[in-house]
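# Chains, contacts and geometry: an overview
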Amino acid sequence: MSRLMYKAKCVLTVTFWAFVLLFIAYFTPMSVRYLEGFLPMSRCSQAPAEKLKLGNSIDASLDLWSRGDVQTCTDWGAPVIWDGMFDPDHYDQEHRKNHSSVSLTVFAVGRYLDAYLKAFLLSAERHFMEALPVTYYVFTDVPERVPDIHLGPGRSLKIVRVQRHSRWQDISMMRMRAIADAIESRIRHHSHYVFCFDVDQVFVGRFGSEALGDSVALLHAYYYHRPQSLYAYDRNPRSRAYMETGDFYYHAAVFGGSWRTVKNMTETCYQTIMKDKENQVEALWHDESHLNKYLWIHKPSKVLSPEYCWDRNIGYRGDIHVARLLWSEKKYGTLRVTE
């Protein structure tokens, strides 16, 4: 009995100090939040002899056991992509053989266009899907201000005019319908895959064909080490984005997949957003909350690690060996105002 009491006391002590660390990390300046990195991630449950249950034949080349420090697959058999798990040349060669092509969508509305778009596009030309044909779709309310960027072979840029909304929350949520409409009218006729990005970020390393899949989600850099009880799910039962539990917390700054899947994803999120509007409800994190609900019900076939969208303000993390896309400096005080 005394041994059981001792073990129980040890478990309670460890749990207590874990939550103390999280409290300090969350309520103190961002530079201290690296303490969360000491909390271990789950591990891939598959045995070395097992093959991935989802994904394409190219993903069979992934070395899930090259990274013992992080979770490299999900409970439903989808890979979680980290540096060191894949051969970039192999992925590029296979996708070229398959004649894969990609559309990139990005919203640059109001002041966001002048503040971020040029740097985003220039960096994408250097690092995004370098081996494949890419079409950029810039959604904006001011087409005449889109910068003239020199594009490489096989790259093109198309501008889609969108309505200006007075609230940034509405801009964020209404992009779901705009993306779905663009896929139906244009993208599906020439691109196999679609990736959707926020504009206030910049590519700094390879964001390549290893990221392609039927349904692709991104682990949020601020949540991937936290206990699920601290995920920022919408807890309001009146919202269509309501979640009691989930698998991970996904970041809406990056998502993608085949054009069919992304069309269904964005259409579904738009429909649930509009249902909330009818009921005078707004999800906690707007389109991101609805995206998390969708990806909980419709499991992604591939998950990207936080290296695919990292914020250096988090501080040092031993499991982030390379940054591929970085958050730009946020200027919400001047950008998120009614124009």
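Thresholds applied
Residues numbered from 1 in each chain as written. Predicted model: local features only at pLDDT ≥ 70, side-chain atom pairs only at ≥ 80, totals over all residues. Heavy atoms only, no water. Disulfide = S-S within 2.5 Å. Helix = DSSP H or I, 4+ residues; strand = E, 2+ residues; numbered from the N terminus. Buried < 20%, exposed > 50% of the residue type's maximum accessible area, 1.4 Å probe, protein only. Pairing = 2+ DSSP bridges. Contact = heavy atoms within 4.5 Å. Axes fitted to C-alpha atoms, helices over the stretch in contact; angles between N-to-C directions. Expected span 1.5 Å × (residues − 1). Bend = angle between axes of the 7 residues up to and from the residue. UniProt positions renumbered as here; feature names shortened; annotations may be inferred. Polar contact = N/O pair within 3.5 Å; in protein donor to acceptor, adjacent residues only side chain to side chain. Salt bridge = Lys/Arg side-chain N within 4 Å of Asp/Glu carboxyl O. Core = buried A, V, L, I, M, F, W, Y, C linked by side-chain atoms within 4.5 Å. Phe/Tyr/Trp six-rings, centres within 6.5 Å; stacked < 30°, edge-to-face > 60°. Lys NZ or Arg CZ within 6 Å of the ring centre and 35° of its normal.

One pass over the full model with this rule turns up one disulfide. What pairs with Cys44 in a disulfide is Cys73, and their sulfur atoms sit 2.0 Å apart. On the sign convention where negative means left-handed, the S-S torsion of about 95° between Cys44 and Cys73 marks this disulfide as right-handed. A residue pair is termed long-range when its members are at least 10 positions apart, and Cys44 in the loop between α1 (2–27) and β1 (80–81) and Cys73 in the loop between α1 and β1 qualify at 29 residues. Residue Cys44 is classed as buried on the basis of its relative accessible area, which comes to 16%.

Read across the sheet, eight strands follow the order β1-β9-β7-β8-β5-β2-β3-β4 without closing on themselves; strand pairing throughout is mixed. The open sheet is flanked by β1 and β4 (155–161), the only strands paired with a single partner. Packed onto the sheet, helix α5 (residues 259–278) meets β5 (193–197), β7 (215–218) and β8 (254–258) and runs at close to 130° relative to β8.

Another aspect to go through is helix α3 (residues 111–127). Counted at 1.5 Å a residue, the expected span for α3 with its 17 residues is 24 Å, and the 25 Å between its end C-alpha atoms agrees. The principal kink in α3, of about 45°, is found at Leu117. Every buried residue of α3 is accounted for by Tyr112, Leu113, Tyr116, Leu117, Phe120, Leu121, Ser123, Ala124 and Glu125. Among the residues trailing α3, Met129 stands out with phi positive, at a value near 45°.

Bringing the UniProt feature "binding site: an alpha-L-fucosyl-(1->2)-beta-D-galactosyl derivative" (unreviewed entry) in the protein chain into the picture now. Per the UniProt record, "binding site: an alpha-L-fucosyl-(1->2)-beta-D-galactosyl derivative" (unreviewed entry) is found at His220, Glu288 and Asp311. Apart from the residues within four sequence positions on either side, Glu288 is in contact with His220, Tyr249, Tyr250, His251 and Ala252. For Asp311, the location among the structural elements is in the loop between β9 (302–304) and β10 (325–327). Judged by its relative accessible area of 5%, Asp311 is buried. Polar side-chain contacts of Asp311 include one of 3.1 Å to the backbone nitrogen of Asn313.

Tracing the backbone through its elements, the reader meets Met265 in helix α5. For the pair Met265 and Ala180, spaced 85 residues apart in the sequence, the C-alpha separation amounts to 8.4 Å. Beyond its immediate chain neighbours, meaning those up to four positions away, Met265 contacts Ser215, Phe255, Gly256, Leu291, Tyr294 and Leu295.

Applying the stated criterion across every chain yields a total of 18 salt bridges. Lys263 is the salt-bridge partner of Glu184, the closest N and O atoms lying 3.6 Å from each other. A residue pair is termed long-range when its members are at least 10 positions apart, and Glu184 in helix α4 (residues 168–185) and Lys263 in helix α5 qualify at 79 residues. Given the relative accessible area of 38%, Glu184 is considered partly exposed. When its relative accessible area of 15% is taken as the criterion, Lys263 is described as buried. In this structure, a network of salt bridges that share partners links the residues Glu184, Arg188, Lys263 and Glu267.

Per the UniProt entry, the sites bearing "active site" (unreviewed entry) are Glu288 in this numbering. Tracing the sequence through the fold places Glu288 in helix α6 (residues 287–297).

Another aspect to go through is the nonpolar core. Within the largest apolar cluster, 97 residues are counted, with the highest numbers of intra-cluster contacts made by Phe128, Met129, Phe195, Phe197 and Phe207. For this core, the element with the highest residue contribution is α3, accounting for seven residues. Residues in contact with Phe207, not counting those within four places in the same chain, are His127, Phe128, Met129, Phe195, Phe197, Val254, Leu304 and Tyr308.

Across the five residues that make up β8, a large majority, five, are buried. Two elements, β7 and β8, share two bridges in a ladder whose sense is antiparallel. Residue Ser215 lies in a different strand from β8, and its bridge partner there is Gly257.

So, on to the packing of aromatic side chains. The relation between two aromatic rings is expressed through the spacing of the ring centres and the mutual angle of the planes. A complete count under the given rule lists 24 aromatic pairs for this structure. An angle of 50° between the planes, with centres 5.5 Å apart, marks the rings of Phe120 and Phe203 as tilted. Placement of the pair is Phe120 in helix α3 and Phe203 in strand β6 (residues 201–203), with a sequence separation of 83 residues. One exposure class covers both Phe120 and Phe203, and it is buried. For the ring pair Tyr224 and Trp310, a centre distance of 6.3 Å and an interplane angle of 75° mean the geometry is edge-to-face. Here Trp310 lies in the loop between β9 and β10 and Tyr224 lies in the loop between β7 and β8, a separation of 86 residues in the sequence. Each member of the pair, Tyr224 as well as Trp310, is classed as buried. Three or more aromatic residues link up through ring pairs in this structure, and these residues are Phe120, Phe128, Phe195, Phe197, Phe203, Phe207 and Tyr308. Its guanidinium or amino end placed over the ring of Tyr223, Arg226 lies 4.7 Å from that ring's centre, counting from NZ or CZ. In this arrangement the basic side chain of Lys299 is found over the ring face of Trp76, its NZ or CZ atom lying 5.3 Å from the centre.

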